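# Structural characterization, general
Each chain, letter by letter, is given below.
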Amino acid sequence: MSGAGDDRHLKPASRLVRGGRRAEWTGPVVNPPVWRASTHLYASDAERQAAGGNNADGQFFYGRRGAPTQWALADALTGLEPQAHGTVLYPSGVAAVAGVMLAVLKPGDRLLMADNAYDPTRSMATGLLARLGVETTFFDPRDLDGFAALVAGARGVWLEAPGSLTFEMCDVPAIAALARDAGAVTMIDNTWASPLGFAALDRGCDIVMMSLSKHVGGHSDLMMGSASAGKRWYAALRRVSHELGQVVSPDDAALAARGLRTMGVRLEAQTRSALRIAQWLEAQPQIARVLCPMLPSDPGHELWRRDFTGGCGLFACVLASDDPAASARVADALQMFGIGYSWGGFESLALPIRPADYRSVMPATDGAPALRLSIGLEDEGDLIADLAQALAQV
Ligand SMILES: *Cc1c(COP(=O)(O)O)cnc(C)c1O
């Protein structure tokens, strides 16, 4: 769905509230209604034929092109992303990764992928993309000279900042500029920061994707992904999405839009708690290292401060223990943190992680026991007390 209304001059908090709520979609109510529809009916066959020849966004045609519920969500997301012309919705974040890759890459192309990309994204490169004849080279995104030496001849560059599990920052504008000079397309997974925390297209990326299952949904009850881009890449994303027959359910789109309205205040609260908890963890004898670019002590902090306007509740810590089972013992001892995948919900989660399993060229955490925490909206003092009693057990 392209276009983003006339709210570009407003601050993000206002755009979160107003986005996608066009009068022609909402009618007299506040939220765009849930249009459950496969068939769109036409008043006459002449109207059907006219609709078929009109490939524009925001036109009734057939359920696979969505209806106002999905259009409103896509429109609101476009409005949050400076420089975006349009947004495509996908049934999951991983489906969005696939949609972006297939819009950019063809057999014979070379892809450069940041080594700290999300594990299923890495698997897509070594699996699906390899089978299609795309060759992937993993690189350390902190090493600009190393990247500059690799980029000639690459068709695409895949970034994630901060990276999954280990949260290293990279210089996105510098990498995107080198890629552009070399004729490569820069794609970025911006799930961690969301457009509220990092304006990826504005900072030189060509396509930005997000798992909406995390911050946008925000309530651990839906799966969805998105990709936004300027005019040229939006057209390519949309075409491939139509070719693959991808569509999201109107019920989930309505839930995601509802989540979006409160994303700003949730992220602010979660960022504040996460920072305090990360600082508290840093001072605990059972913790060797906290991996979180929002911390002044983090090696990525300067880049984060320079380029990002916000954070979130997700970070990791490495335990000062050589017992590989220590992170599972801490997770089991926690009372207020669920053990589970995903993150960005209203509830806190803890996940024992082994980043070294998902790295080719970057040093991970040397196999030391580590824990990823997603800080929710609970009282931060209660969460710290829970962490204290759980850490006391290792
Ligand atoms: C969860 C996640 C995804 C995938 O999203 P799903 O909606 O779970 O398919 C992609 N990238 C990152 C960084 C994620 O954390």
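What you see is a predicted model, and the numbers here were worked out from it, not measured in a lab.

## Observations regarding the site of the ligand
Around the ligand, the structure places 14 residues, and the nearest of them are G93, D189, S211, S213 and K214. One of the side-chain N or O atoms of S213 is found 2.6 Å from an oxygen atom in the ligand. A distance of 2.9 Å separates an oxygen atom of the ligand from a polar atom in the side chain of W343. Summarising the interface, the protein chains cover 92% of the accessible area of the ligand, which totals 380 Å² for the free molecule. Residues that form the shell around the ligand fall into these classes: five nonpolar, six polar and three charged.

## Topic: the sheet that holds strand β3 (residues 135-139)
One open sheet holds the seven strands; their spatial order is β1-β7-β6-β5-β4-β2-β3, and the pairing between them is mixed. Each edge of the sheet is formed by a strand with only one pairing partner; in this case those strands are β1 (86-90) and β3. The average angle at which neighbouring strand axes cross in this sheet is 20 degrees, direction not considered. Across five bridges, strand β6 (residues 207-211) lies against strand β7 (residues 225-229) in antiparallel orientation. Looking across to β7, one finds that I207 is bridged to A229. Strand contacts of helix α5 (residues 93-104): β1, β2 (110-114), β4 (156-160), β5 (185-189), β6 and β7, with the helix running at about 160 degrees to β6, the strand carrying the most contacts. Packing of helix α10 (residues 231-243) onto the sheet brings it into contact with β1, β5, β6 and β7, and relative to β1 it is tilted by some 25 degrees.

## Some remarks on the packing of helix α11 (residues 250-282) against helix α14 (residues 380-391)
Geometrically, a packed helix pair is captured by the angle between its two axes and the distance between the axes. For the pair α11 and α14, the least separation of the axes is 10 Å and the interaxial angle reads 30 degrees. Between α11 and α14, the angle is such that the two are roughly parallel. Once α11 is placed against α14, the crossing between them reads as right-handed. Contacts between α11 and α14 involve S273, R276, I277, W280 and L281 from the former and E380, L383, I384, L387, A388 and L391 from the latter. When its residues are assigned to classes, the contact of α11 with α14 shows eight nonpolar, one polar and two charged.

## Digging into the nonpolar core
In this structure, L73, V157, W192 and F315 are the most contacted members of the largest nonpolar core, which totals 88 residues. If you count residues domain by domain, this core takes at least three from each of domain 1 (8-259) and domain 2 (264-391). Discounting residues that sit within four places of it in the chain, W192 has contacts with P162, F167, H215, P293, M294, W304, F308, G310, G311, C312, L314 and W343. In this structure, A103, M113, V134 and F138 belong to the second largest nonpolar core, which totals 31 residues.

## What about the sheet that holds strand β9 (residues 314-319)?
What the five strands build is an open sheet, ordered β8-β9-β12-β11-β10; its pairing is mixed. The open sheet terminates on both sides in strands that have one partner only, identified here as β8 (287-291) and β10 (338-339). Relative to β9, β8 runs antiparallel, the two being bridged by four bridges. Within the sheet, the bridge partner assigned to V290 lies in β9 and is C317. In the packing of α11 onto the sheet, contacts are made with β8, β9 and β12 (370-374), and the angle to β9 comes to roughly 10 degrees.

## Here's the deal with the UniProt feature "modified residue: N6-(pyridoxal phosphate)lysine" (unreviewed entry) in the protein chain
Taking the numbering used here, the UniProt-annotated feature "modified residue: N6-(pyridoxal phosphate)lysine" (unreviewed entry) corresponds to K214. Tracing the sequence through the fold places K214 in the loop between β6 and β7. Once residues within four sequence positions are removed from consideration, K214 is found in contact with T191, S342, W343 and G344.

## Some words on the domain arrangement of the protein chain
Domain annotation of the protein chain identifies domain 1 (8-259) and domain 2 (264-391). Here the C-alpha centre of domain 2 lies 27 Å away from the C-alpha centre of domain 1. Overall, the association of domain 1 and domain 2 removes approximately 3,200 Å² of surface from exposure, summing both partners, and the carbon and sulfur fraction of that is 62%. The interface formed by domain 1 and domain 2 holds two salt bridges in total. Notably, a salt bridge pairs D171 with R306, separated by 2.7 Å at the nearest N-O pair. Applying the counting criterion to the domain 1 and domain 2 interface returns 17 residue pairs in polar contact (both at pLDDT 80 or more). For the side of domain 1 that touches domain 2, the leading source of residues is helix α9 (residues 194-197), giving three residues. Partitioned by chemical class, the residues of the side of domain 1 that touches domain 2 number 17 nonpolar, 13 polar and nine charged.

## Looking at the pattern of salt bridges
In this structure the tally under the stated criterion is 17 salt bridges. A salt bridge links R306 to D307; the shortest N-O distance between them is 2.8 Å.

## A word on the pairing of β7
Of all the five residues making up β7, five are buried; the element is thus mostly covered by neighbouring parts of the structure. Burial along β7 is two-sided: the face carrying G225, A227 and A229 and the face carrying S226 and S228 are both buried. As paired strands, β1 and β7 are joined by five bridges and run antiparallel to one another. Residue pairing across strands places Y90 opposite G225, the latter belonging to β7.

## As for the packing of aromatic side chains
On inspection of all chains with the given rule, the structure shows six aromatic pairs. Centre to centre, the rings of W35 and F60 are 5.3 Å apart; their planes meet at 45 degrees, and the pair counts as tilted. Pair noted here: W35 is in the loop between α2 (23-26) and α3 (45-53) and F60 is in the loop between α3 and α4 (68-80), with a separation of 25 residues, a long-range link. By relative accessible area, which is 35% here, W35 ends up partly exposed. Classification of F60 by relative accessible area gives partly exposed; the value is 37%. Here a set of aromatic residues connected by ring pairs shows up, and it is made of W25, W35, F60 and W71. One cation-aromatic arrangement involves R65 over F61; the distance from NZ or CZ to the ring centre is 4.0 Å. Here R122 stacks its cationic end above the ring of F138, 4.1 Å away from the centre of that ring.

Reading the values: rules and limits
Residues numbered from 1 in each chain as written. Predicted model: local features only at pLDDT ≥ 70, side-chain atom pairs only at ≥ 80, totals over all residues. Heavy atoms only, no water. Near = heavy atom within 4 Å. Polar contact = N/O pair within 3.5 Å; in protein donor to acceptor, adjacent residues only side chain to side chain. Areas by Shrake-Rupley, 256 points an atom, 1.4 Å probe, with all protein chains shown as cover. Nonpolar A, V, L, I, M, F, W, Y, C, P; charged D, E, K, R; others polar. Pairing = 2+ DSSP bridges. Helix = DSSP H or I, 4+ residues; strand = E, 2+ residues; numbered from the N terminus. Axes fitted to C-alpha atoms, helices over the stretch in contact; angles between N-to-C directions. Contact = heavy atoms within 4.5 Å. Parallel < 35°, antiparallel > 145°, perpendicular 65-115°, else oblique. Left-handed = near helix turned anticlockwise from the far one by under 90°. Core = buried A, V, L, I, M, F, W, Y, C linked by side-chain atoms within 4.5 Å. Buried < 20%, exposed > 50% of the residue type's maximum accessible area, 1.4 Å probe, protein only. Domains from an automatic or database assignment. UniProt positions renumbered as here; feature names shortened; annotations may be inferred. Buried area = accessible area lost by both parts, 1.4 Å probe. Salt bridge = Lys/Arg side-chain N within 4 Å of Asp/Glu carboxyl O. Phe/Tyr/Trp six-rings, centres within 6.5 Å; stacked < 30°, edge-to-face > 60°. Lys NZ or Arg CZ within 6 Å of the ring centre and 35° of its normal.

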